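Remarks on the overall topology
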Amino acid sequence: MEKTTKKSLLFLAAAAVTVLNFQSCGKYEDGPGFSLRSKKARITGEWELVKINGQSPTQYSGFDTYEEKWELESDGDLSVTTNYSFSTYYGYSYSGSYTQTGEWEFSSDKEDLEITIDGSKTELEILQLKNNESKFKTKSSPMIEYEFEK
């Protein structure tokens, strides 16, 4: 073999080992294994709740419509806006919308998201934190898994 071919093969092998190492040491259960964006850059923005325990928010809640959006600001501010509607057996319809504000921060090891609203703190285990998708699971009972999309 030529010297340049050996160097090329050696470089290719080193690159493959590096890529495999990055894929196998992701912090979160469902990924990503590697990201060029920081965790803070990935988590900030507006997130729409798309599943609760594998069901659509409407199915899970039992309402006719149920929408929830979380806005996480880079300074740690948080707002959660909920819109819902439902009809009763007797034909009456009700709808509502409300917004709660609070704060968010990562735990010291950045494996959990700590949410504080009205003095009540909730810890969510981060299962996935991609730029456009995320999954969280409550750390206390009842265990609830949330899936979001930007």
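Here, the structure is the one placed above.
Residues numbered from 1 in each chain as written. Predicted model: local features only at pLDDT ≥ 70, side-chain atom pairs only at ≥ 80, totals over all residues. Heavy atoms only, no water.

**Here's the deal with unusual backbone geometry**
- Residues Ser-141 and Pro-142 are joined by a peptide bond in cis, for which omega reads 0°.
- Phi angles above zero are rare outside glycine, and Asn-53 is one such case at about 50°.
- One can find Asn-53 in the loop between β1 (45–52) and α3 (57–61).
- Located in the positive-phi region is Asp-118, a residue other than glycine, with phi close to 50°.
- Secondary-structure assignment places Asp-118 in the loop between β5 (112–117) and β6 (120–129).
- The class of Asp-118 is exposed, set by a relative accessible area of 71%. (Helix = DSSP H or I, 4+ residues; strand = E, 2+ residues; numbered from the N terminus. Buried < 20%, exposed > 50% of the residue type's maximum accessible area, 1.4 Å probe, protein only.)

**Thoughts on the sheet that holds strand β2 (residues 65–72)**
- Here eight strands make up a closed barrel; going around it, the order is β1-β2-β3-β4-β5-β6-β7-β8 and the pairing antiparallel. Adjacent strand axes in the sheet meet at a mean angle of 35°, parallel and antiparallel pairs treated alike.
- Here β1 runs beside strand β8 (residues 145–149); their pairing, made up of four bridges, is antiparallel. From the neighbouring strand, Ile-52 faces β8, where its bridge partner is Tyr-146. (Pairing = 2+ DSSP bridges. Axes fitted to C-alpha atoms, helices over the stretch in contact; angles between N-to-C directions.)

**Considering the side chain of Glu-147**
- Note that Glu-147 resides in strand β8.
- Among buried Asp, Glu, Lys and Arg side chains, Glu-147 stands out as unpaired, with Lys-135 the closest opposite charge at 4.7 Å. (Lys, Arg positive; Asp, Glu negative; His and termini not counted. Salt bridge = Lys/Arg side-chain N within 4 Å of Asp/Glu carboxyl O.)

**Brief notes about the packing of aromatic side chains**
- Under the criterion given, the structure shown has ten aromatic pairs.
- The interplanar angle of 55° and the centroid separation of 4.8 Å between the aromatic rings of Trp-70 and Phe-148 together place this pair among those described as tilted. Of the two residues, Trp-70 sits in strand β2 while Phe-148 sits in strand β8, which places them 78 residues apart along the sequence.
- A relative accessible area of 10% places Trp-70 in the buried class.
- We classify Phe-148 as buried; its relative accessible area is 2%.
- What links up through ring pairs into an aromatic cluster is the set Phe-63, Tyr-66, Tyr-84, Phe-86, Tyr-94 and Tyr-98. (Phe/Tyr/Trp six-rings, centres within 6.5 Å; stacked < 30°, edge-to-face > 60°.)

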